[in-house]
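# Residue-level structural notes
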There are 4 protein chains.
Amino acid sequence: MDSQPQESDITTGQKVNEDCAVIGFSGDGVYSSIIAGLRSLQHRGQESSGIITYDGKIHVKKGMGLVSEVFKNADPMPGIVGIGHNRYSTSGSKGIENAGPFVISCSLGYIGITHNGEITNEHELREELKHDGYIFTSSSDTEVMLIEFVKEISRYGINEGIKRGMERLKGAYAAVLMINDRLYAIRDKFGFRPLVLGRTFNGYIIASETCAIDALSGETIKNVEPGEVIEVFNNSYKTIFKLDGDVSHCMFEYVYFARPDSIIDNIEVFQARVRMGMRLAVESPVDADVVVPVPDSGRAQALGFSKATGIPYSEGLIKNRYSERTFIMPDQKSRLAAIKIKLNAIKSEISNKRIVLVDDSIVRGNTMKYIVKIVRDAGASEVHVRISSPPITAPCFYGVDMKTKNEFIAANKTIESIKNEIGADSLAYLSIDGLKQAIGIKSICISCLTGIYPEYVPLS
Amino acid sequence: MDSQPQESDITTGQKVNEDCAVIGFSGDGVYSSIIAGLRSLQHRGQESSGIITYDGKIHVKKGMGLVSEVFKNADPMPGIVGIGHNRYSTSGSKGIENAGPFVISCSLGYIGITHNGEITNEHELREELKHDGYIFTSSSDTEVMLIEFVKEISRYGINEGIKRGMERLKGAYAAVLMINDRLYAIRDKFGFRPLVLGRTFNGYIIASETCAIDALSGETIKNVEPGEVIEVFNNSYKTIFKLDGDVSHCMFEYVYFARPDSIIDNIEVFQARVRMGMRLAVESPVDADVVVPVPDSGRAQALGFSKATGIPYSEGLIKNRYSERTFIMPDQKSRLAAIKIKLNAIKSEISNKRIVLVDDSIVRGNTMKYIVKIVRDAGASEVHVRISSPPITAPCFYGVDMKTKNEFIAANKTIESIKNEIGADSLAYLSIDGLKQAIGIKSICISCLTGIYPEYVPLS
Amino acid sequence: MDSQPQESDITTGQKVNEDCAVIGFSGDGVYSSIIAGLRSLQHRGQESSGIITYDGKIHVKKGMGLVSEVFKNADPMPGIVGIGHNRYSTSGSKGIENAGPFVISCSLGYIGITHNGEITNEHELREELKHDGYIFTSSSDTEVMLIEFVKEISRYGINEGIKRGMERLKGAYAAVLMINDRLYAIRDKFGFRPLVLGRTFNGYIIASETCAIDALSGETIKNVEPGEVIEVFNNSYKTIFKLDGDVSHCMFEYVYFARPDSIIDNIEVFQARVRMGMRLAVESPVDADVVVPVPDSGRAQALGFSKATGIPYSEGLIKNRYSERTFIMPDQKSRLAAIKIKLNAIKSEISNKRIVLVDDSIVRGNTMKYIVKIVRDAGASEVHVRISSPPITAPCFYGVDMKTKNEFIAANKTIESIKNEIGADSLAYLSIDGLKQAIGIKSICISCLTGIYPEYVPLS
Amino acid sequence: MDSQPQESDITTGQKVNEDCAVIGFSGDGVYSSIIAGLRSLQHRGQESSGIITYDGKIHVKKGMGLVSEVFKNADPMPGIVGIGHNRYSTSGSKGIENAGPFVISCSLGYIGITHNGEITNEHELREELKHDGYIFTSSSDTEVMLIEFVKEISRYGINEGIKRGMERLKGAYAAVLMINDRLYAIRDKFGFRPLVLGRTFNGYIIASETCAIDALSGETIKNVEPGEVIEVFNNSYKTIFKLDGDVSHCMFEYVYFARPDSIIDNIEVFQARVRMGMRLAVESPVDADVVVPVPDSGRAQALGFSKATGIPYSEGLIKNRYSERTFIMPDQKSRLAAIKIKLNAIKSEISNKRIVLVDDSIVRGNTMKYIVKIVRDAGASEVHVRISSPPITAPCFYGVDMKTKNEFIAANKTIESIKNEIGADSLAYLSIDGLKQAIGIKSICISCLTGIYPEYVPLS
């Protein structure tokens, strides 16, 4: 991915296109298991981190920053079940009062929730719930989810209440609800965001990605299916129901979000990316000397491009491994300076060579312009940019923080003019069909490519 | 590199085998240039960071932590020249009073120093200087260097003083001395540690590695040669003298320390590593299906191994990009758990395959044992470990924090028994001759491989 | 006051017998006015501080520590109205989630509250509200008040809703409710805790004590009467109703809590304390050379004692003005050592003299024992302890953190045995009648002296 | 004292007229004894605090802030001797590198120093020492002292070296030198700043004031006499020499600096202040109803004024006990607002009365103007200001941070015009003769009153 993370990382201190991580754990070693899971899912959110555990009483700890910062000196939190959250906000303003997970006490006991996604009818539901007498302490859509579930469960019991809540909640959600000592894995009927159930030697884990299960040396039991709700309680699990619907898995998880070692809805992300690169090579071949990935986002795709074409793969760009942390340079004059601290060229691999530069996506295009310049400055004779996903032209309302059409370079410009703007000798994107084939799932959400949404989205 | 950084990162919060970064800058934009340089050299030290600038007065700021943490909210420091330091201690106890750079005021004005390396006769010099009436405020060998230079310069003037100081200082040092508004790049006559001179659009830079010059979009002028002292002053530079000696560049810079995009003593590190992998393939071939690097330390070497053998290269292990920061798990039971947060396997690339696992080096061996287990657990049918440097068997006294013979697995065990301990199907190291040929320099320091030292080392 | 504050200040880091401060402000300069008010009321709570302002949107800032610490570097919060709180917890566990003020959004808009006192039927109300479907995010009784008011106001409108809420809330409360841009000063019908309304040059202020109005150079308009609710809106104020009831002002405000310069329910605290000292002198005279207060709590009373007897007043004990901050000595062996850092004797004023040592109250008695020792060690020939309030023998349920009967020295011992325990030559307390006459109000709450409570208190 | 502390406390965050505290301890319980001593001497410096202990090795801890903040969570520092320092800078710029105590290692071992005062020939000595080859790491005059002593001791041995060092050091110093396990109490021959030797049940203590000895329940052995050096070693002490000279004790210690419970050069500070008030009453009587001190600085003096005149004493002004901590109001418009947070009137004691307002001194006069206004606003019919020290008209070079003549209101104005400026009905200062008689020592330093200095002071 060219795009914002790198830019905004440096220049504004904000990552704008990552969503959230959720974890639930039931068993022994709740606290350390959740910590390990959250650390393995740090890529899904770095703004804040929080854990809630239950052992008859409720224990809460949240803070701004990475898991390793928030839980640096923390005493273990006691608990027989717990939930955790890494956040990057996609709705609600920043601030610790909006950081997940959320928990309340009510007539049912303690109810907590951790959520990844975005509720598209959050505003309407909030007003309706206020009208019903419910009150809110934050601007987070997660609190709306929680209150909606509390309302329905109070009236209809847990199983029916969760079902009715899901029928009213529009949009994308992969969540873990904790009702006292019971956990409920909840995934919207479209299955926009991933959610899996696993087993470790000492308990059950629900997580956004399988890499969290691997981090605990556990084994994946199953995906939480779109529309499915699974209860984990008393050292066992069971599906309590499953809503029907048109499945629509977010393609961006495969393209960029998820960790390559995760298996999302039965597809290993790494292989999907390799296939994207292979497919891209078939669709838009180029005569060149070396295939170079933009690290770390284009590596698997570049390996695929190389494999499909026989053009040698090499690591021609080096990423500073300490640049994940955002930092605003004191008197930084140019964006180029900011990117140069993150990326540098291996001159021997690039000089006097025709380079195929492979990345996952382009959002705004600014970063790619400077990467092309770095490659050219290192002596490349030609620079051919290959993007292993189609152009993003429409906002996402399902949990990816891409909201304004104006920010997408591909929304307003032809590929030719983008090519010129980034200074490449050629530029090609993967086709939508190619993407679908590469991922290997037909029912994927491509709203950000087409502007056609599977469900209600708010006007704005 | 298998080894301590990864282990101790997690389990003890200490990195034990990284040395330091030095920067000097003279020109406009001193503060932001030094910050950018230090950030690009963060891999050489994460314990503390400091900057000293001079504009008639002296300005000092130091702190524990990464550059981005220490200089997070700092106002720009005014200056026409300045020096900076990232530290990982190789001598002296920890603590901010031992963090570089150092500066004093004396009859000559303000004299500051930033140093990478290790003074082997530090103890003798300190006692001698005390006997001469000099006083010390820290336990750092850098302070000893500084006082020694001050003493000689006071008596003999700058040029002669630096020369006499260098003749008395034993061991490894690549340093920048700041005498009021003049900078002096100083490199010991063996040239153990790297040091380069560059030019940016607005000034001169002296740095440990060329990647710092690249980060400023500057150009490398020349290496500071072993024994050479270069003065930077008044917008020009000149060599003021050069001591003769037997050159002895640290091989470990090429094997592990330096960034792959840096050019150290005219050798690009990345290509040296590719050649190590190629050479290793020739020396110790193996019949296998895929070459997998230990990320990020074995990547270039694995590419070379693949290139030399034709066995496909792939990224079969994924490194958590947020695991650079040290963190002690709250109730971590096993080392395996700690490593699993840092590394995970791409099962599709490993399952049912014969894997060549390539890394740069093995120091203690514990981490490699667990990596082999991760690869086996992912379904590898065979795991062949190939280490692209020879076995480390002796302590380093020249700036690498490997001091106790007992800590080296290869010091006490045969390759066969190491193979069994780490659980590999086969294990091979690069030969010393192979290493020399791969690096392409004959005069390299291989004391840690042979136990034979080019110069005085302290008994202990 | 001998007692816990001083002891526990040092030895446990906890102040146990202070209640809270509340502030509301409507007009220009909301933020700085609330800050100044909270700082002037810091004596009523040092555990946490918080401010909520409203300007169409809600702005919240809370933190643990003194006002000057929490709002150290804060940007001014915008607002046309706002409320503030200094907290020392009397119910609810510690932690930032229990720190006031509280605010929620609901169908009525934004509703915030800041509260001083203690709701005696908090547990029953919470369960009832949960049963009605309300949810809670903290263990604070303030949240119960807030939800109760929200519930009633939702049904009955603001004025009637507040009235019905007050009829259901048992116990002590002096509160400011903020409903969007309107403030409501609310005081329970007993008037346990103080609350006043004032006018500054740029707005209206509601505060726990008049000293906050003085800090803004404002003028006091009136007490908020027991059972009264005053609305402040649109640059005017009006009483919206007043509940009847038996007035019962907390005597401990006059004895210890309130600042001496405050006027509480028309009685200036300083003069009340002077009269306590005078009355004590009449009730329990003693032949002595000098009257010495325990600083700062016994000063006005000692002046009164001196005035009534003609025995000269002097400052024979000096208080370390930097000992307000709690601090646990690293390896403190004795309580005497802890107290010696807070208090020392002026030997010239004490040596060879018969001392009348005056303080406001004794709770546990440990501190007084050590003060008597300090006075004796300074050479006093006799030490006569005079306490200007009656013995405390019963728990308070109305906002003073004295809960367990066992902690009161006077609950279990005769005055003679207390005298022996503290090592005094004589000991006398003020009588209940004397206290009433000194304060000059008949309808005061003396439950902690008698164990008879004006209203429902929870069993335990 | 009207004056800067209060003003600058609030408005600039800087206290400008307090000097430093020094402590040395030899025996058991070094760390906790030094902590207790430093806390009892917190009034002499709040900018930074530091401790150095020796147990064969050296242990250092320093930090910005109060003792209770710097040593909040610190593990006890091991040691058989140690020295401590509270600092308010009188020379040298701020910053932790200038915070005391200082320690170096040299041929003699470890030498540390803690110092209260000001070296007037610091600049000349520094240059001379630099010329001799000595180096400096800070801008503190304490470091100059330390190096000077190191230089002389290296040549002449400890006793003779200290003597020669003292002969070269001009100005004011009360210091503790720690040479390995030996302590040396050192006081300049004028005895400007106080220094005492005491014994506790487990060791010897050297301290700025006797209140530190009292805090340890110790007994005062003797003053360190002007020019005297006392060695504490091996559980005994002895005077090693005593330089002759004209004694010149700082009168400001008695007037304002020292704690009232301390005994400075055999004079109890409290009684000296009472006598200042009595003498002032004789020199400048006034017909009035009540004598009111400015708390806490004018209390003893007001008691003396009352005693000499028979006019009743009362506490008509109340000081906010949480205002010691500096705090800049967010959008504070007037100085009056700042002072109102610190001081308020007891109206009943002031209204319709003729007030004698007593304070220790006036430096700039701004605060007194507002205090008079507060008293008038509380209804005083007349306000007569009585200052119990003579007008300050000249800078101090001996450790009090009053440097610029322009800052003294009395330097440029008649008493009549000061009276008008502060808005008093009458104003009187104590005479110089009266001050001397009240203190009871003839040989006091009154340079700030006369502009005549007992010794060399730097031009500026």
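Residues numbered from 1 in each chain as written. Chains lettered and ligands numbered in written order. Predicted model: local features only at pLDDT ≥ 70, side-chain atom pairs only at ≥ 80, totals over all residues. Heavy atoms only, no water.

The name an unreviewed UniProt entry gives chain A is Amidophosphoribosyltransferase, with Picrophilus torridus as the organism. The UniProt entry for chain A carries the following comment under Sequence similarities (unreviewed entry): "In the C-terminal section; belongs to the purine/pyrimidine phosphoribosyltransferase family." (UniProt positions renumbered as here; feature names shortened; annotations may be inferred.)

### Points about the overall build of chain A
Of regular secondary structure, chain A possesses 17 helices and 23 strands. Compactness check: chain A gives a C-alpha radius of gyration of 22 Å against a globular reference of 23 Å for 460 residues, within 12% of the reference. For chain A, the proportion of its 460 residues judged to be buried stands at 67%. Restricting to contacts in chain A with at least 6 residues of sequence separation, those with at least 24 account for 69%. (Helix = DSSP H or I, 4+ residues; strand = E, 2+ residues; numbered from the N terminus. Rg over C-alpha atoms; globule rule 2.2 N^0.38 Å. Buried < 20%, exposed > 50% of the residue type's maximum accessible area, 1.4 Å probe, protein only. Contact = heavy atoms within 4.5 Å.)

### Digging into the interface of chain D and chain C
Counting residues at the interface gives 56 residues for chain D, matched by 56 residues for chain C. Summed over both sides, the interface between chain D and chain C buries roughly 5,100 Å², with carbon and sulfur atoms accounting for 57% of that surface. Our enumeration of links across chain D and chain C arrives at four salt bridges. The partner of Lys347(D) in a salt bridge is Asp214(C), with the nearest N and O atoms 3.2 Å apart. At the boundary of chain D and chain C, one finds 20 residue pairs in polar contact (both at pLDDT 80 or more). Element by element, the count of residues in the side of chain D that touches chain C is highest for helix H2 (residues 30-40) of chain D, at six residues. Its residues assigned to classes, the side of chain D that touches chain C shows 23 nonpolar, 13 polar and 20 charged. (Buried area = accessible area lost by both parts, 1.4 Å probe. Salt bridge = Lys/Arg side-chain N within 4 Å of Asp/Glu carboxyl O. Polar contact = N/O pair within 3.5 Å; in protein donor to acceptor, adjacent residues only side chain to side chain. Nonpolar A, V, L, I, M, F, W, Y, C, P; charged D, E, K, R; others polar.)

### Re the sheet that holds strand E10 (residues 203-207) of chain C
Residue and element names in this part refer to chain C. Spatial ordering of the open sheet is given by E3-E2-E4-E1-E10-E9-E11, a layout of seven strands whose pairing is antiparallel. In this open sheet, the two strands that pair with only one neighbour each are strand E3 (58-64) and strand E11 (219-223). Strand after strand, the sheet turns through a mean of 15 degrees between neighbouring axes, direction not considered. Sheet topology note: the strand E9 (residues 196-200)/E11 ladder contains four bridges and is antiparallel. By the bridge assignment, Gly198 is partnered in E11 with Thr220. Along the sheet face, helix H2 (residues 30-40) touches strand E1 (21-27), strand E2 (48-54) and strand E4 (81-87) and points at about 25 degrees away from the line of E4. (Pairing = 2+ DSSP bridges. Axes fitted to C-alpha atoms, helices over the stretch in contact; angles between N-to-C directions.)

### Here's the deal with the interface of chain B and chain A
On the side of chain A, 57 residues touch chain B, which itself brings 57 residues to the contact. Where chain B abuts chain A, roughly 5,100 Å² becomes buried across the two surfaces, and 57% of that area is made up of carbon and sulfur atoms. Linking chain B to chain A there are four salt bridges. Inspection of the chain B/chain A interface yields 20 residue pairs in polar contact (both at pLDDT 80 or more). Per element, the largest residue contribution to the side of chain B that touches chain A is six residues, and it comes from helix H2 (residues 30-40) of chain B. Residue composition of the side of chain B that touches chain A, grouped by class: 24 nonpolar, 13 polar and 20 charged.

### What to know about the relation of the copies chain D and chain C
After a rotation of 180 degrees and a shift along the axis of 0.0 Å, chain D superposes on chain C with an RMSD of 0.1 Å. Taken together, the rotation and translation describe the operation of a two-fold axis. The C-alpha atom lying nearest the rotation axis in chain D is that of Arg321(D); the distance is 3.7 Å. A high fraction, 100%, of the interface residues of chain D reappear at the interface in chain C, so the copies pair face to face through one surface. (Least-squares fit on C-alpha atoms with pLDDT ≥ 70 in both.)

### A word on the nonpolar core
Counting residues in each nonpolar core, the largest one holds 104 residues, and the members touching the most others are Met251(C) and Met251(D). Excluding anything up to four places from it in sequence, Met251(D) contacts Leu435(D), Ile439(D), Ile444(D), Cys445(D), Ile446(D), Cys448(D) and Leu449(D). (Core = buried A, V, L, I, M, F, W, Y, C linked by side-chain atoms within 4.5 Å.)

### Some details on the packing of helix H5 (residues 141-156) of chain C against helix H6 (residues 158-168) of chain C
Helices that pack against each other are described as a pair by the angle of their axes relative to one another and the distance between those axes. Residue and element names in this part refer to chain C. With their axes 7 Å apart at the nearest point, H5 and H6 run at an angle of 140 degrees to one another. One way to sum up the angle between H5 and H6 is to call them oblique. Relative to H6, the crossing made by H5 is right-handed. Only Ile158, Glu160, Gly161, Ile162, Arg164, Gly165, Met166 and Arg168 of H6 make contact with H5, whose side of the interface consists of Glu148, Phe149, Lys151, Glu152, Ile153 and Tyr156. Tallied by class, the residues present in the contact of H5 with H6 amount to six nonpolar, two polar and six charged. (Parallel < 35°, antiparallel > 145°, perpendicular 65-115°, else oblique. Left-handed = near helix turned anticlockwise from the far one by under 90°.)

### Thoughts on the relation of the copies chain B and chain A
Between the two copies, chain B and chain A, the superposition gives an RMSD of 0.0 Å; the rotation angle is 180 degrees and the shift along the axis is 0.0 Å. When the interface residues of chain B are mapped onto chain A, 100% of them are again interface residues, pointing to one common binding face.

### What to know about the side chain of Ser306(D)
Residue and element names in this part refer to chain D. Relative to the elements of secondary structure, Ser306 occurs in helix H10 (residues 299-309). A polar atom in the side chain of Ser306 sits 3.5 Å from the backbone nitrogen of Tyr313. Beyond its immediate stretch of four places on either side in the chain, Ser306 contacts Val291, Ile311, Pro312 and Tyr313.

### Thoughts on the environment of Val363(D)
Considering the arrangement of structural elements, one finds Val363(D) in the loop between strand E20 (354-359) and helix H13 (366-377). A C-alpha to C-alpha distance of 29 Å links Val363(D) and Val196(D), two positions 167 residues apart in sequence.

### Notes on unusual backbone geometry
Of note, the amide linkage connecting Pro295(A) to Asp296(A) takes the cis form, showing an omega dihedral of -5 degrees. Examined against the element boundaries, Asp296(A) turns out to sit in the loop between strand E17 (290-293) and helix H10 (299-309). For Asn266(C), which is not glycine, the phi torsion reads 75 degrees and is therefore positive. Here Asn266(C) shows up in the loop between strand E15 (263-264) and strand E16 (267-268). A residue is classified by how much of its surface remains accessible, and Asn266(C), at 63% relative accessible area, is exposed.

### Overview of the packing of aromatic side chains
Scanning all chains against the criterion turns up 42 aromatic pairs over all chains. On the numbers, 6.1 Å between centres and 50 degrees between planes, the contact of Tyr256(C) with Phe257(C) is tilted. The same class applies to Tyr256(C) and to Phe257(C), which are both buried. Aromatic side chains Phe192(D) and Tyr398(D) sit 4.1 Å apart centroid to centroid with 10 degrees between the ring planes, which places their arrangement in the stacked category. Here Tyr398(D) lies in the loop between strand E21 (382-387) and helix H14 (409-412) and Phe192(D) lies in the loop between strand E8 (182-187) and strand E9 (196-200), a separation of 206 residues in the sequence. Since its relative accessible area comes to 2%, Phe192(D) is described here as buried. Classification of Tyr398(D) as buried rests on a relative accessible area of 1%. In this structure, Lys62(D) is placed above the aromatic ring of Phe102(D), and the distance from its NZ or CZ to the ring centre is 4.8 Å. Residue placement shows Arg126(D) over the ring face of Phe136(D); its charged tip is 5.0 Å from the ring centre. (Phe/Tyr/Trp six-rings, centres within 6.5 Å; stacked < 30°, edge-to-face > 60°. Lys NZ or Arg CZ within 6 Å of the ring centre and 35° of its normal.)

### Thoughts on the pairing of strand E13 (residues 236-242) of chain D
The sheet contact formed by strand E12 (residues 228-233) of chain D and E13(D) spans six bridges and is antiparallel. Its bridge partner lying in E13(D), Val229(D) is registered against Phe241(D).

### So, the pairing of strand E20 (residues 354-359) of chain B
All names here are of chain B. Across the six residues that make up E20, a large majority, five, are buried. Across four bridges, strand E17 (residues 290-293) lies against E20 in parallel orientation. Bridge pairing links Val292 to Leu357 in E20. Pairing of E20 with strand E21 (residues 382-387), which is carried by six bridges, proceeds in the parallel orientation. Counterpart to Val358 in the pairing with E21 is Arg386. In the classification by handedness, the crossover that spans E20, the intervening helix H13 (residues 366-377) and the parallel E21 is right-handed. (Right-handed = clockwise from strand over helix to strand, strands pointing away.)

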